[in-house]
Amino acid sequence: MSEAPAHIQPHDPALARFSPSGAARLVARATPVDTVGLEERAASLAKRSIKRESKLWALDLAIRCMDLTPLEGSDTPGKIVAMCAKAVRPDPTDPSIPSVAAVCLYPMLVPVAVGQLKGNGVHVASVAGSFPSGLGPLAERVAEVRDVVDMGADEVDIVLDRSAFLGGRYSLAFEEIPACREAAGDAHLKVILETGELGSYDQVRRASVLAMAAGADFIKTSTGKITPGATLPAALCMMEAARDFFHETGRRVGVKVAGGVRQSKQAIQFLVLLHETLGPEWMTPERFRIGASTLLNDVLMQIQKERSGRYQGPDYFTID
C-alpha cells in the first residue's frame, strides 16, 4: 500500500493515496491491543497527582479545548445565544478566563451561532451526516455536511458508519469519509467512532486507523447519546493510534473526547493521558477537544477553589 508522505496536512489531496482497498489492508494489520496493559496504564495515569500551578494550567487548557455541546431536542435560538455568550466569556467577572474552542450544535441552529460568534475567536461546529446514527442515505448525509459549511460552520462532526465497519465492510466505511471530507471543504472534519458500540479495543484501534487514513482531522470518542461515552482506556487507545499514525505518515490527527465528561477531575485525567501519549504538540485546541455540556461550570468552580482556597456555590455561575 502506498503510504501518505510526511508533508501531508489536513485537506491535502494526496490523502487520496489511501485507496479504499489500501485502507482495508491498513485496518487489517492494525496492531492488536493488550487489553490488560491498556486498562492498567489508563488507570495508573489517572491517579497521577499534579501540583497546584500545573492544575491551574490544566484547567485553563481544558476551557480552551472545550466544545460547548448542548445537542438536545429542547435547544432554542435563545438558549444558543446565551450559550454563545458564555462560550466567549465563561466568567464575565474574570477576564483572565479564556474562551472555549467551539460551540457544537444541530444544523438548524448554526446560523444563530454564526451571528453571535463572528469575530470572537470561538468556532462554530455542527453535527451532520445523520447524527447520531450515521445511517441515512449517503447522498443526504454528504449534502447535510455541505449545507452546514455553507451556513458558516467552521467544523463538522460526523459519525462513522458502524453498520458497515462492524460488518467488516471496511472499504464502504472508508469511502463515506472522503465524500464528507470533500463536502466539508476548508472546515475541519471530526469523525465520531462511538467507541461504546465497537465492542473491543481492537475495534477502537481499527476504527481510529480507518478514520485517520480516510482524512479525518480529528477522531472523536462518542456522540454522547449512548453509554458508555468517553472512557479513559478507549481514549488512550485512540491516542496511541494517533501517535502511531503520525509516526507512520507524518500527519498529526487530533483527538476529541465526548460523552459523560462532567467533572474537572475527568478533564485533567484525559489531559494527562494526552501529554504522556502524544506529547506537548497535542496540548492545544488545534489537536485536542473535550465535548461537554455541563463541564465548564465545574472547571470554573475548581479554578476559584485553587485560587482562593474555597468553593463558590454552583449558582455563582450562569447555567450552561
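Predicted model, so just to flag it, every value in this text is computed and none were measured.

Mapped onto the secondary structure, A113 falls in helix 5 (residues 110–117). Assessed through its relative accessible area of 0%, A113 is described here as buried. Taking the C-alpha atoms as reference points, A113 and V88, 25 residues apart in sequence, are found 12 Å from one another. Setting aside chain neighbours within four positions, we find A113 in contact with I80, C84, L105 and V124.

Attention now goes to the pairing of strand 2 (residues 102–105). The side-chain alternation of strand 2 yields two buried faces, one formed by A102 and C104 and the other by V103 and L105. Two elements, strand 1 (residues 66–68) and strand 2, share 2 bridges in a ladder whose sense is parallel. Of the residues in strand 2, the one forming a bridge with D67 is A102. As a crossover connection, the stretch from strand 1 through helix 4 (residues 77–88) into strand 2 is right-handed. Here strand 2 pairs with strand 3 (residues 123–127) via 4 bridges, running parallel. Bridging from a neighbouring strand, L105 pairs with S126 of strand 3. Chirality of the crossover, the property in question, places the unit of strand 2, helix 5 and strand 3 among those that are right-handed.

Turning our attention to the packing of helix 2 (residues 35–46) against helix 11 (residues 264–278). At their nearest, the axes of helix 2 and helix 11 sit 9 Å apart, and the two run at 115° to each other. As helix 2 runs across helix 11, the sense of the crossing is right-handed. Between helix 2 and helix 11, the contacting residues are R41, A42, L45 and A46 on the first element and Q269, V272, L273, E276 and T277 on the second. In terms of residue class, the contact of helix 2 with helix 11 is built from 5 nonpolar, 2 polar and 2 charged.

What counts, and where the lines are drawn
- Residues numbered from 1 in each chain as written.
- Predicted model: local features only at pLDDT ≥ 70, side-chain atom pairs only at ≥ 80, totals over all residues.
- Heavy atoms only, no water.
- Helix = DSSP H or I, 4+ residues; strand = E, 2+ residues; numbered from the N terminus.
- Buried < 20%, exposed > 50% of the residue type's maximum accessible area, 1.4 Å probe, protein only.
- Contact = heavy atoms within 4.5 Å.
- Pairing = 2+ DSSP bridges.
- Right-handed = clockwise from strand over helix to strand, strands pointing away.
- Axes fitted to C-alpha atoms, helices over the stretch in contact; angles between N-to-C directions.
- Left-handed = near helix turned anticlockwise from the far one by under 90°.
- Nonpolar A, V, L, I, M, F, W, Y, C, P; charged D, E, K, R; others polar.

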